[in-house]
Amino acid sequence: MSDVEGRAIQTLLQGLGPGRGLAAGLAPGRVTLVGEHVDYVGGRIVCMAVDLSLAVAVRPSPDGRWRAVSAGRRVERSSPSAQGDIGDRLFAAAMALRLRGVATPPLEMGVASDLPESAGLSSSAALTSAALVAMLRLAGQAVSADELVATALVAERDIVGVPCGELDQRAVVHSRADSVLALDCELGSHWAVPWPWRDLCVVVAASGETHDVGGAGYRERREAATRACAALGVSSCQHIGDRWRELPVEIQRFGRHIATETRRADSAIEMLEAGDVQALGRLIDESHESLRGDYMVSTERLDAMTAAARQAPGCYGARLVGAGFGGSAMALVEREAAYDCAAAMAVISGQPDATWLVEPAAGLEVTAHDVVVDPASAATAVRNDPPSRHARPRNR
Ligand code: GLA
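Residues numbered from 1 in each chain as written. Predicted model: local features only at pLDDT ≥ 70, side-chain atom pairs only at ≥ 80, totals over all residues. Heavy atoms only, no water.

Visitor: Would you explain unusual backbone geometry in this entry?
Guide: Most peptide bonds adopt trans geometry, and most residues besides glycine take a negative phi value. Positive phi, normally seen in glycine, also occurs at Ala71, with a value near 45°. Inspection of the secondary structure assignment puts Ala71 in the loop between strand S3 (66-70) and strand S4 (73-77). Residue Ala71 is classed as exposed on the basis of its relative accessible area of 64%. Phi angles above zero are rare outside glycine, and Ser118 is one such case at about 50°. Judged by relative accessible area, Ser118 falls into the partly exposed class, the value being 28%. (Helix = DSSP H or I, 4+ residues; strand = E, 2+ residues; numbered from the N terminus. Buried < 20%, exposed > 50% of the residue type's maximum accessible area, 1.4 Å probe, protein only.)

Visitor: I would appreciate a short explanation of the domain arrangement of the protein chain in the present structure.
Guide: One frequent convention defines the size of an interface as the accessible area lost when the parts assemble. Taken as a whole, the protein chain is organised into domain 1 (3-193 + 362-372) and domain 2 (195-361). Centre-to-centre separation of domain 1 and domain 2, based on C-alpha positions: 24 Å. Contact residues are listed per partner, giving 46 residues for domain 1 and 51 residues for domain 2. Summing both sides of the interface, domain 1 and domain 2 together bury roughly 3,800 Å²; the carbon and sulfur share of this comes to 64%. Ranking the residues of domain 1 by area buried against domain 2 places Val34, His37 and Tyr40 at the top, with a combined share of 17%. For the interface between domain 1 and domain 2, the tally reads two salt bridges. Where domain 1 touches domain 2, the interface holds 25 residue pairs in polar contact (both at pLDDT 80 or more). Of all the secondary-structure elements, those providing two or more residues to the side of domain 1 that touches domain 2 are strand S1 (23-34), strand S2 (44-60), strand S6 (179-184) and strand S7 (189-194). No other element matches the eight residues that S2 contributes to the side of domain 1 that touches domain 2. (Domains from an automatic or database assignment. Contact = heavy atoms within 4.5 Å. Buried area = accessible area lost by both parts, 1.4 Å probe. Salt bridge = Lys/Arg side-chain N within 4 Å of Asp/Glu carboxyl O. Polar contact = N/O pair within 3.5 Å; in protein donor to acceptor, adjacent residues only side chain to side chain.)

If you want it as structure tokens, here you go:
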């Protein structure tokens, strides 16, 4: 059992007292390398689960009431509804499982996390997914990886009511250690691309501005992007190409972002395969520029943090990560320069304790294979031809 799962159990026992029949689940957060805000319009994405995780401990409720404790907060209800508090994703996970036919009794739950909340690292998908894994263990049932993703999406979209795409849930489930995950959101396919650089890592720094995927900004972007695809008669932003120029002027910039961002994700896959870190870094910078200028989801602080990261020695590229409107910035950086790069971002954010050096980590398909079973996953296309060329560390 991991340390975080142990802490989730402690949280449950200390918050709600002793009880019987415990089960726990653990899920990672995610970082996007390139391919932000294209999941809901069928785009391509390069992302990875990270080695920061969140755990949920569950046990049957002794009196039929639903309870949850997390970081000093405690909620209780007579039925598992979403009410805008810490219980929402936990209770939604139980409701979504019931919709799938998994008998889930009233539950008591405890949460512990190394993942920062509302920092753009997918803590919501991790919370829902960890809860699902814990509940499946308690029920002694298994689902396929695709069913787990679908159940997490029902919980998030239909029950909690957040209009998200599928990036976070798929990254949390399908990622492989030592690899990044390529997602095609038109075809619903994914494959692992080996991470070619031992001497490089990703640094994440929270801006201190909390973001909200349920907020109006996200919903408006999603509507504009969907409108852009519909206006051009394409089923996915992968087919827009340069035709964003034909769009009505008020949605042109949104069309340009989704068209260029999915192309950048394709190029990023090629650069990972070629081991070209300079080019990957440029794509990361361009992704930020597009999210800032065209999609308008950055903030002054995220712009300043990414600019500071780019100035730091050993940094190849930096961008906001996740939905934007706050959250975190990430940088691709030489490992030996990672702390200085993190410090440069923290000077701007004023959050010296909210920086992380993260590594590509395995998702639930691998780490929870007792309850996440997928015959199809054995056939997942893992490209077995890792590039032989390794980047030579060089400063920009
Ligand atoms: C949030 C959403 C995802 C995705 C990203 C932006 O994390 O949950 O579905 O849209 O924003 O790439």
